[in-house]
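# An overview of the molecular structure
Residue-level listing of the chains:
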Amino acid sequence: MRTTTMSPHGAVLDHGGESFVSHAWHKVVGFLSGVRKVHADRMLREELSELDTKLLRDIGIAYDEIPRVRARERFTPKNWR
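Residues numbered from 1 in each chain as written. Predicted model: local features only at pLDDT ≥ 70, side-chain atom pairs only at ≥ 80, totals over all residues. Heavy atoms only, no water.

### Let's talk about the packing of aromatic side chains
All chains considered together, the criterion is met by 0 aromatic pairs. Taking the ring centre of Tyr 63 as reference, the NZ or CZ of Arg 57 above it sits at 4.2 Å. Positioned above the aromatic ring of Phe 75, the side-chain terminus of Arg 68 is 4.1 Å from the ring centre. (Phe/Tyr/Trp six-rings, centres within 6.5 Å; stacked < 30°, edge-to-face > 60°. Lys NZ or Arg CZ within 6 Å of the ring centre and 35° of its normal.)

### A short note on unusual backbone geometry
For Arg 72, which is not a glycine, the phi torsion comes out positive at approximately 60°. Considering the arrangement of structural elements, one finds Arg 72 in the segment after α3 (66-70). Given a relative accessible area of 35%, Arg 72 falls into the partly exposed group. (Helix = DSSP H or I, 4+ residues; strand = E, 2+ residues; numbered from the N terminus. Buried < 20%, exposed > 50% of the residue type's maximum accessible area, 1.4 Å probe, protein only.)

### A word on the environment of Pro 77
Along the chain, Pro 77 turns up in the segment after α3. Residue class for Pro 77 comes out buried when judged on its relative accessible area of 3%. The spacing of Pro 77 and Glu 65 is 12 residues in sequence and 7.2 Å in space, taken between C-alpha atoms. Leave out the neighbours within four places in its chain, and Pro 77 touches Gly 60, Ile 61 and Glu 65. (Contact = heavy atoms within 4.5 Å.)

Below you can see the structure in the form of structure tokens.
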């Protein structure tokens, strides 16, 4: 259902069928989803940085890329492309 409201300045605001609360809730959910993804990515890089060199080699990390893993740098290893 399309709704319109009048702003304090007399302008007609079209909500495109979505209430203000619903729109705000979707924005909050989207933001929290992004925060969760960033946190998961950071935790994965933390875990990888603590792995033994032999294990890193076993999962396809080249010797020259191991310092990047230890530095928790975000990258795609050559052998994974």
